[in-house]
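Summary of structural features
Below are the chains, spelled out letter by letter.
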Amino acid sequence: MKLSAQIATRFLKSSLTQTLIIILGIGIGVSVQIFIGSLIQGLQKSLVNTTIGNAAHLTITNDADDGYISDYSAILSDAKASDDRISAATPLLTASSLLEQDGDSQSLLIRGFDLDAAEGIYEFSEYVVDGQLPAANGEVLLGVLARDTFDLSVGETIALITPDKRTVECQISGFFDYKVAQANQSWCITTLKTAQDVFLLDDVANSIELQVGQDVVFESDAVAENVISRLGSSTLVVKEWQSQNEQLLSGLQGQSISSIMIQVFVMISVVLGIASVLAISVMQKSRQIGILKAMGIQNSSSSLIFLIQGLILGIFGAIVGILFGLGLSYAFTTFALKPDGSPVIPLYIDPKFIALSACIAVVACILASLIPARKSSTLNPIDIIRNS
Amino acid sequence: MSTILEMKNINKIYGTTVKTQVLYDINLNFNQGSFNSIIGQSGSGKSTLMNIMGTLDSPTSGEIIVAGKSTSGMKASELARYRNQSIGFVFQFHYLLPEFTALENVLMPYRIGHKTIPKETMDRAKELMALVGLEKVMNNNATQMSGGQQQRTAIARALLNQPKMILADEPTGNLDSLSTETIYDLLRDINERFGTTFIIITHDRRIAEKADRIIEIADGRISLDVTR
Ligand SMILES: Nc1ncnc2c1ncn2[C@@H]1O[C@H](COP(=O)(O)OP(=O)(O)OP(=O)(O)O)[C@@H](O)[C@H]1O
Ligand SMILES: [Mg+2]
């Protein structure tokens, strides 16, 4: 083993240029793998984040006649206790109304939350661009598009017309910008109490919204099952985001598959490259192998020489690849910026993924050296001793 | 005296389509501790015979018996171990490993069989380098030595494991007559001191005549076999 390792390193050192070129080749392969992988993962994360980052992952509704949930706080705490992956939960009372201002009107979706709890899902305070969150009863938060359409300002009073034709006045506490036109135009965020007052309802909600932790968003189906079994048989219905977003999911899956395909083919070409270079190296070193065999080195040790060469090349290649890959990623996130200073391509640098790529490269290099190792093992010393 | 190597009815035919028979019914016994020389014209089959003796090549028919055991039934790993422990080779084309220094080359047969090099072995390697007159260049790479120096290194290498038998094919082919003389005196000395068996191919009759036994090969047959 020690001898094989020493012979392997001497062989690699004796043709240093060739060795450095292979290491560079492996390194480029690994760096491409790391870069593509980080890129796709980053894109997916940002896509998932923009889609469901500030949205409920699970929604509990009532299938009963009027759809109202009166014991919402009990159900909410039950649901929360059913699975510790749930990170936030809020009751929600949603109902449509009409905003009328200076003869113009548009529909407005009143969304009454437990604002403190809902902050964990919607991060309202992050998106308030003017004024502040509703605090007192009768205060509402509108979107920036509604503000622009009706030329509204903070502190102004607006008139809401309910489905039963009553007019209710509310005061604007501030404006939000969710970067989503529909929300910015027609959402009206307020407290659960205000929403109940506007629609003359008792202490009820019509849904409970739950969010799971960032890293377990794809486990929402399992969480939903736990919530369902905890709540028991009732008229309550639990929906989770994945079953509502099949297109997004299949899109993500398609991306992942193409990313894996690219990585696999990069690795295959790296492996073929190393295998051929090592095969040539067996030819170049056949004289030495022949002498060693004449002197009695075992076939296993002579093949080990090439496996170790593969291992060494793999390790150095992986190191170079990680450095290149991180360098490339760094360059992209530092120099390719949008006007607002955020990177054009959101990379996701995952140490586990990088470690995995490096391990795959090393294993691939060892696999690639199996053929030359076998050749070395079967080399007959007499062919070398005789033909000189 | 005990027999160290026995060759029985050895035939060697090269090629499968065009067959050339190189050795014809060779029968030879070598005694433990003997000093033998093999002479013969170029192409007569000396190297072929030696490769078969050293278990590097296998005969087309016939048997090689070492230590009372036929080599035909031995596995590759067994043969490799036997070669490593019992035979020291000096090939016609000296064959050092160019990636290693002269001293490392000399140590190679020991390292093949052992994990670490004890001090005695290291000392013996250096002593052997001194004996063949190379103590000054022993840390040179094999490629940075003259042909004669490489040949002497190969001789030191063959001696390192103190094998029972040394097979040498023109071991002094590249050396001037004075060095040749010195090397043969050294080999004889080792032969006498350690009882190592020597089988040496040479085209130099003067050298051959210093051996205990001279075997002449002509066209693949033994044409002369004299023991003094
Ligand atoms: N692989 C081979 N295939 C066919 N013929 C071969 C092969 N190797 C050697 N020969 C032939 O076998 C014969 C003996 O060769 P060998 O190398 O044993 O001669 P030698 O006595 O050692 O000669 P020299 O003194 O020149 O070294 C030669 O005629 C040679 O042409
Ligand atoms: Mg010859």
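The text that follows walks through the structure, step by step, so that each part is easy to find. (Residues numbered from 1 in each chain as written. Chains lettered and ligands numbered in written order. Predicted model: local features only at pLDDT ≥ 70, side-chain atom pairs only at ≥ 80, totals over all residues. Heavy atoms only, no water.)

Overview of the site of ligand 1
Definition in use: Only a single heavy atom is needed: when it lies within 4 Å of a molecule or strand, its residue is near that molecule or strand. Within 3.5 Å is the distance limit for a polar contact, defined as a pair of N or O atoms, with the added protein rule that one can donate a hydrogen and the other accept it, and that residues adjacent in sequence qualify only through two side-chain atoms. For every accessible area listed, the method is Shrake-Rupley and the probe measures 1.4 Å; residues are considered covered only by the protein chains on display. The way it works is that DSSP assigns letters per residue, a run of H or I at least four long becomes a helix, a run of E at least two long becomes a strand, and they are numbered from the N terminus.
In the vicinity of ligand 1 there are 13 residues, among which Ser42, Gly43, Lys46, Ser47 and Thr48 of chain B approach most closely. More than one chain reaches ligand 1: its neighbouring residues belong to chains A and B. Take threonine 48 of chain B: an N or O atom from its side chain is 2.6 Å from an oxygen atom of ligand 1. For ligand 1, whose unbound accessible area comes to 640 Å², protein coverage reaches 63%. Residue assignment for the shell around ligand 1 shows that the elements contributing at least two residues are β2 (20–31) and α1 (46–53) of chain B. Considering every element that reaches the shell around ligand 1, the biggest residue donor is α1 of chain B, with three residues.

Details of the coordination of the magnesium ion (ligand 2)
Residue and element names in this part refer to chain B. Selection criterion: Coordinating donors are taken as N, O and S atoms within 2.8 Å of the metal, stretched to 3.2 Å for Na, K and Ca; because water is absent from the atoms, sites can appear incomplete. For every residue, the accessible area obtained with a 1.4 Å probe (protein chains only) is divided by the maximum for its type, and the residue is called buried under 20%, exposed over 50%, and partly exposed between those limits.
For the magnesium ion (ligand 2), the full set of protein donor atoms is Ser47 (OG) and Gln92 (OE1), and the range of their distances to it is 1.9 to 2.4 Å. Here the residue serine 47 occupies a position in helix α1, and glutamine 92 occupies one in the loop between β6 (87–90) and α3 (102–113), the gap between them amounting to 45 residues. Of the residues examined, serine 47 reaches a relative accessible area of 23% and is grouped as partly exposed.

Focus: the interface of chain B and chain A
Spelled out, the test is: Two residues form a contact once any of their heavy atoms are found within 4.5 Å. Throughout, buried area stands for the accessible area (probe radius 1.4 Å) lost by two parts on being put together, summed over both. One side-chain nitrogen of Lys or Arg within 4 Å of one carboxyl oxygen of Asp or Glu is enough to make a salt bridge. Each residue gets one label: Ala, Val, Leu, Ile, Met, Phe, Trp, Tyr, Cys and Pro are nonpolar, Asp, Glu, Lys and Arg are charged, and the others, such as Gly, are polar.
With 28 residues of chain B in contact, the opposing surface of chain A contributes 26 residues. Both sides of the chain B and chain A interface together cover about 2400 Å² of buried area, and 60% of this is carbon and sulfur. In this structure, the connection of chain B to chain A is made through two salt bridges. A salt bridge links glutamate 99 of chain B to lysine 285 of chain A, with the shortest nitrogen-to-oxygen separation between them at 3.0 Å. Within the residue set of the side of chain B that touches chain A, elements represented by two or more residues are β1 (3–14), α2 (76–86) and α3 of chain B. Element by element, the count of residues in the side of chain B that touches chain A is highest for α2 of chain B, at six residues. Among the residues making up the side of chain B that touches chain A, the classes are represented as 15 nonpolar, four polar and nine charged.

Overview of the side chain of asparagine 161 of chain B
Residue and element names in this part refer to chain B. Tracing the backbone shows asparagine 161 in the loop between α5 (147–160) and β7 (165–169). With a relative accessible area of 17%, asparagine 161 lands in the buried category. Within polar-contact distance, the side chain of asparagine 161 engages the backbone oxygen of asparagine 84 at 3.1 Å. A polar atom in the side chain of asparagine 161 sits 3.2 Å from the backbone oxygen of proline 109. Aside from chain neighbours lying at most four places away, what touches asparagine 161 is Asn84, Pro109, Tyr110 and Arg124.

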